[in-house]
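Architecture at a glance
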Amino acid sequence: LSGPLSPWRSSGMGAPPTMATGPWTEHLQGRVARILKRAVPKPRLAAADYAEFVLPLRVGEELSLQGVVQLRVARGVVDVWGARLVPSSEFHRLVAPPQHALPRLRALKPAGDEELGTVDADCQVLRDYLDERSWPTVLVIRVPAPKVAGIPAEEVAVSDMSSLRAAMHPDQELPRLQEHRAWPSLADNFFGLCVGQGAGPAPVLL
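My aim in this report is to walk through the structure given alongside it, one point at a time. Sequence positions are assigned chain by chain, starting from 1 and proceeding in written order. Thresholds applied to this predicted model are a pLDDT of at least 70 for local features of residues and 80 or more for the giving and counting of side-chain atom pairs; totals over whole chains, interfaces and linings are not thresholded and use all residues. Side-chain calculation: all heavy atoms of the structure are included, whereas hydrogens and water are not.

With respect to the environment of Ile141
Residue placement: Ile141 occurs in strand β9 (residues 137–144). Exposure categories follow from relative accessible area, calculated using a 1.4 Å probe and restricted to protein chains: below 20% of the type maximum is buried, above 50% is exposed, and the middle band is partly exposed. Overall, the relative accessible area of 0% leaves Ile141 in the buried class. Any pair of residues with heavy atoms lying within 4.5 Å of one another is described as a contacting pair. Ile141 has contacts with Ala51, Glu52, Phe53, Leu55, Val69, Gln70, Leu71, Leu164 and Met168, leaving out every residue within four places of it along the chain. For the purposes of this entry, the term helix denotes a DSSP run of H or I that reaches at least four residues, the term strand denotes a run of E that reaches at least two, and both are numbered from the N terminus.

Laid out in structure tokens, this is it:
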């Protein structure tokens, strides 16, 4: 996972965020179906091999990821795999192979007096969406473009949600990642190393 992370530790904002701790329940599975109904498709570029959606979240809402997903935060803050993602124009490429427990994404409340703002919108659809709505968290998500037999990819309806559902609404029976009891201590010590890091290679936590 690469890209801008919020420097909560160096700002005195307390412990870093952690991965979800509870099991993936039938209630969470049903809620994801309702969350994905909010998704708004963005216009598809002629040569693009992906479909792009704007998806708003309330604080505390969770999704799980399967396959290859690219996302960036346009407003708010989210936790993925214990990493805190903040507004950025840079996409993060997340790979969740089916043979592993699936990662979970959770919308968080900004810590302390953290001011995250809103990243510059890259198209009119996103610009209008952010101006007209006050959702605390807004994601821009890229998934592989849906494929329909006999129809060129560029002619598949922009509103086709099948790829988004496949990536962000996996079967409930598939295992999801949960926080290990040692994670808070590991993360706290690791970010302590990052804060004190001078010149040289950055620390890496595997």
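Next comes the rest of the account.
Points about the sheet that holds strand β8 (residues 104–108)
Within the open sheet, the four strands sit side by side as β3-β8-β5-β6. Their pairing is antiparallel. If you trace the sheet from one side to the other, it starts and ends with β3 (62–64) and β6 (83–85), each paired once. Each strand axis lies, on average, 25° off the axis of its neighbour in the sheet, ignoring direction. Bridge count between strand β5 (residues 77–80) and β6: three bridges; the pairing is antiparallel. Bridging from a neighbouring strand, Val78 pairs with Leu85 of β6. At least two bridges found by DSSP between two strands is the condition for calling them paired. Fitted lines through C-alpha atoms serve as axes, helices being fitted only where they are in contact, and the angles separating the N-to-C directions of these axes extend from 0 to 180 degrees.

Notes on the sheet that holds strand β7 (residues 92–96)
Spatially, β1-β2-β9-β4-β7 is the arrangement adopted by the five strands of the open sheet, whose pairing is antiparallel. The open sheet terminates on both sides in strands that have one partner only, identified here as β1 (40–41) and β7. Relative to β9, strand β4 (residues 67–75) runs antiparallel, the two being bridged by five bridges. Bridging from a neighbouring strand, Arg72 pairs with Val140 of β9.

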